[in-house]
Amino acid sequence: MLSFEFTQEQDLIRQTLGSFGRERIAPTLRQIDDKKRIPDDVISGLAEIGVLGMTVSEQYGGSDPDPVTVGVVAEELARADISCAVPTF
């Protein structure tokens, strides 16, 4: 039978990025809007979590995730601020 449940890894990603969005992105929303730029500490945080440029092939340093995982990452980051979902691609 086909399952439409998230994997444990995808659930962990959702939780991690949900917290990251609330704690690191949401407080900088005004700064992002005013400067039209994502702060360096947010970009660094995305890199630390491993979602920055994640759709790049593994041979070039990306993680080459499945499409559902990419959607989970984009959705959770966009929940905090849509502009922060873009660097994952």
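To be clear, the structure that these remarks concern was listed above.
Remember, it's a predicted structure, so these values are computed and weren't measured experimentally.

S.K.: How would you summarise the overall build of the protein if you had to cite specific residues and measurements?
M.R.: What the protein contains, in helices and strands, is 4 helices and 0 strands. Traced from its N-terminal end to its C-terminal end, the protein shows the element sequence α-α-α-α. Dimensions of the protein, computed from C-alpha atoms along their principal axes, come out at roughly 50 × 30 × 15 Å. When burial is assessed residue by residue, the protein has 34% of its 89 residues classed as buried. Counting every atom, the protein has about 5,900 Å² of accessible surface; 53% of that belongs to carbon and sulfur. The averaged location of the 15 negative side-chain charges in the protein is 11 Å from the averaged location of its 8 positive side-chain charges.

S.K.: Report on the environment of Glu23, specifying residues and quantitative values.
M.R.: By secondary structure assignment, the location of Glu23 is in helix α1 (residues 8–25). Separated by 60 residues in sequence, Glu23 and Ser83 place their C-alpha atoms 16 Å apart.

S.K.: Explain the layout of surface pockets to me, using residue names and the numbers behind them.
M.R.: Approximately 190 Å³ is the volume attributed to the largest pocket. If you go around the largest pocket, you meet 14 residues; those closest to its centre are Glu9, Ile13, Val51, Met54 and Thr69. Among the secondary structure elements, those contributing two or more residues to the lining of the largest pocket are α1 and α4 (67–80). Per-element tally for the lining of the largest pocket: the top contributor is α1, with 5 residues. Here the lining of the largest pocket is built from residues that sort into 8 nonpolar, 4 polar and 2 charged.

S.K.: A description of the packing of α1 against α4 should follow, citing residues and the corresponding values.
M.R.: The geometry of α1 relative to α4 is characterised by a closest axis approach of 8 Å and an angle of 20° between their N-to-C directions. As judged from the angle between their axes, α1 and α4 are roughly parallel. Where α1 crosses over α4, the handedness of that crossing is right-handed. Note on element contacts: α4 touches α1 through Val68, Thr69, Val72, Val73, Glu76, Leu77 and Ala80, opposite Gln10, Ile13, Arg14, Leu17, Gly18, Phe20, Gly21 and Ile25. Grouping the constituent residues of the contact of α1 with α4 by class yields 9 nonpolar, 4 polar and 2 charged.

S.K.: How would you summarise unusual backbone geometry if you had to cite specific residues and measurements?
M.R.: In this structure, Lys36 is a non-glycine residue whose phi angle is positive, near 55°. Looking at where Lys36 falls in the secondary structure, it is placed in the loop between α2 (29–35) and α3 (40–49). The phi angle at Asp64 is positive, at roughly 50°, despite the residue not being glycine. Looking at the element boundaries, Asp64 is found in the loop between α3 and α4.

Rules and cut-offs
- As a convention, each chain's residues are numbered from 1 in the sequence order in which they are written.
- Local features in this predicted model are restricted to residues whose pLDDT is 70 or higher, and side-chain atom pairs enter the listing and the counts only when it is 80 or higher, whereas totals over whole chains, interfaces and linings include all residues.
- Just so you know, side-chain values use all the structure's heavy atoms and leave hydrogens and water out.
- By the criteria applied, helices consist of DSSP H or I runs no shorter than four residues and strands consist of E runs no shorter than two, each listed in order from the N terminus.
- For every residue, the accessible area obtained with a 1.4 Å probe (protein chains only) is divided by the maximum for its type, and the residue is called buried under 20%, exposed over 50%, and partly exposed between those limits.
- Note that accessible areas follow from Shrake-Rupley with a 1.4 Å probe, and for residues the cover is restricted to the protein chains shown.
- Residues counted as positive are Lys and Arg, residues counted as negative are Asp and Glu, and His and the chain ends are not counted.
- For this purpose, a charge sits on NZ of Lys, CZ of Arg, CG of Asp or CD of Glu.
- Using protein atoms alone on a 1 Å grid, points that fit a 1.4 Å probe yet trap it form a cavity, whereas open point sets bounded by protein on both sides within 12 Å along at least five of seven lines form a pocket; residues with an atom within 4 Å of a point count as lining.
- Grid points are joined across faces, edges and corners, and a volume is the space filled by probe spheres set on the points.
- Only Asp, Glu, Lys and Arg are considered charged in this grouping, and only Ala, Val, Leu, Ile, Met, Phe, Trp, Tyr, Cys and Pro are considered nonpolar; every other residue, Gly among them, is considered polar.
- Lines are fitted to the C-alpha atoms to define the axes, a helix being fitted only along its stretch in contact, and any angle between axes, read from their N-to-C directions, falls within 0 to 180 degrees.
- An angle counts as roughly parallel when it lies under 35 degrees, as roughly antiparallel when it exceeds 145, as roughly perpendicular when it falls between 65 and 115, and as oblique in every other case.
- By the definition used in this description, the sense in which the near helix is turned from the far one sets the handedness, with an anticlockwise turn below a right angle giving left-handed and a clockwise turn giving right-handed.
- Contacts are assigned to residue pairs that have any heavy atoms within 4.5 Å of one another.

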